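The primary structure of each chain is shown beneath.
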Amino acid sequence: MERTLSIVKPDGVEKGVLGEVIKRFESNGLRVIAMKMVCMSKEQAKGFYYVHRERPFYESLTDFMSSGPAVVMVLEGENAISKNRELMGATDYREAAEGTIRKDFATDIERNIVHGSDGPDTAAFEISYFFNELEICG
Ligand code: IDP
Ligand code: MG
């Protein structure tokens, strides 16, 4: 069993695809073991995406992530990290495989509906960024 952090980003909440995204997780062996809606400040978004601080899109990305409500979740399942990445699709929706969340709902490389941890270390950091142990029902 593995855990990963998922975020339905502000564009996903705005577009009303929250339920559809969760449905895809649940029907593909990923269980939601923690969930809440958050309105990140610019500073909180910058802390979350600190790894990207040198990238040209850092300012714009953190403006976007702090622009409205997002839903953060801990998903648990077998190979949860790679399974979630597979369901999400490529970062750029134009390169995402058919049937993936980004292919189906994203219309912009930055506003791409979902976030998912990319490895065990980032999953541990990202889960602890939003949740304490009491909030995780694993
Ligand atoms: P990922 O979300 O698929 O793991 P990362 O490379 O970790 O992709 O990038 C984090 C986020 O930054 C992306 O999900 C997207 O919102 C944004 N992003 C990545 N590359 C670009 C870009 O070239 N232009 C604008 N935004 C980008
Ligand atoms: Mg990433």
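Scroll up for the structure.
Position labels on residues start from 1 in each chain and follow its written sequence. Numbering of ligands from 1 and lettering of chains from A proceed in the order in which they are written. A pLDDT threshold of at least 70 governs which residues receive local features in this predicted model, and a stricter bar of 80 or more applies before side-chain atom pairs are shown or counted, although totals over entire chains, interfaces and linings include all residues. Neither water nor hydrogens contribute to the side-chain values; these are computed over all heavy atoms in the structure.

1. A word on the sheet that holds strand β4 (residues 114-116)
Worth spelling out the cut-off: Any two strands between which DSSP finds at least two bridges are classified as paired. Helix numbers and strand numbers start at the N terminus; a helix is a DSSP run of H or I with at least 4 residues, a strand a run of E with at least 2. All axes are obtained by fitting lines to C-alpha atoms, using only the stretch in contact for helices, and the reported angles, taken between N-to-C directions, cover 0 to 180 degrees. We call two residues in contact when some of their heavy atoms are within 4.5 Å.
Spatially, 4 strands are ordered β2-β3-β1-β4 in an open sheet, and the strand pairing comes out antiparallel. In the strand order of this sheet, the two ends are held by β2 (31-38) and β4, each with one partner. Between one strand axis and the next, the sheet turns by 20 degrees as a mean value, whatever way the strands run. The pairing of strand β1 (residues 2-8) with β4 spans 3 bridges and is antiparallel. Looking at the pairing, I7 lines up with H115 of β4. Packed onto the sheet, helix α2 (residues 18-26) meets β1, β2, β3 (70-77) and β4 and runs at close to 10 degrees relative to β3. Lying on the sheet, helix α7 (residues 120-130) is in contact with β1, β2, β3 and β4; it crosses β1 at an angle near 55 degrees.

2. Looking at unusual backbone geometry
As a reminder of what qualifies: Buried residues are those whose accessible area, probed at 1.4 Å on protein chains only, stays under 20% of the maximum for their type, while exposed residues exceed 50% and partly exposed ones sit between those limits.
Positive phi outside glycine occurs at N79, with the angle close to 50 degrees. Among the secondary structure elements, N79 is positioned in the loop between β3 and α5 (80-88). N79 sits in the partly exposed class, given a relative accessible area of 48%. Phi at I113 is positive, roughly 75 degrees, even though this residue is not glycine.

3. Quick look at the site of ligand 1
This is how it is decided: Any residue with a heavy atom lying within 4 Å of a molecule or strand is counted as near it. Polar contact criterion, stated in full: a pair of N or O atoms within 3.5 Å, where within protein one must be able to donate a hydrogen and the other to accept it, and residues adjacent in sequence count only if both atoms are side-chain atoms. Using a 1.4 Å probe, accessible areas were evaluated by the Shrake-Rupley method; residue-level cover was limited to the displayed protein chains. Here a cavity means grid points, on a 1 Å grid over the protein atoms only, where a 1.4 Å probe fits yet cannot get out; a pocket means an open set of points with protein on both sides within 12 Å along at least five of seven lines; lining residues are those with an atom within 4 Å of a point. Cavities and pockets are treated as containing a molecule whenever more than half of the molecule's atoms lie within 2 Å of their grid points. Each residue is assigned to one class: nonpolar for Ala, Val, Leu, Ile, Met, Phe, Trp, Tyr, Cys and Pro, charged for Asp, Glu, Lys and Arg, and polar for all the others, Gly among them.
Lining the immediate surroundings of ligand 1 are K9, Y49, H52, F57, L61, R85, T91, R102, I109, E110 and N112. E110 is positioned with one of its backbone polar atoms (N or O) 2.7 Å from an oxygen atom of ligand 1. Within the side chain of N112, an N or O atom sits 2.9 Å from an oxygen atom of ligand 1. For ligand 1, whose unbound accessible area comes to 530 Å², protein coverage reaches 80%. When atoms are counted within 2 Å of each cavity's grid points, the one that captures over half of ligand 1 is the largest pocket. Here the shell around ligand 1 is built from residues that sort into 4 nonpolar, 3 polar and 4 charged.

4. Comments concerning the pairing of β1
Burial within β1 is extensive, with 5 of its 7 residues counted as buried. In this sheet, β3 lies alongside β1 in antiparallel orientation, the contact comprising 7 bridges. By the bridge assignment, I7 is partnered in β3 with V72.

5. Section: the side chain of E76
Its place among the elements puts E76 in strand β3. Side chain to side chain, E76 and R3 meet in a polar contact 3.1 Å long. With near-sequence residues (within four places) excluded, E76 lies in contact with M1, E2, R3, G29, L30, R31, I33 and G138.

6. Side note on the environment of E26
Among the secondary structure elements, E26 is positioned in helix α2. Counting along the chain gives 66 residues from E26 to D92, while the straight-line C-alpha distance between them is 24 Å.

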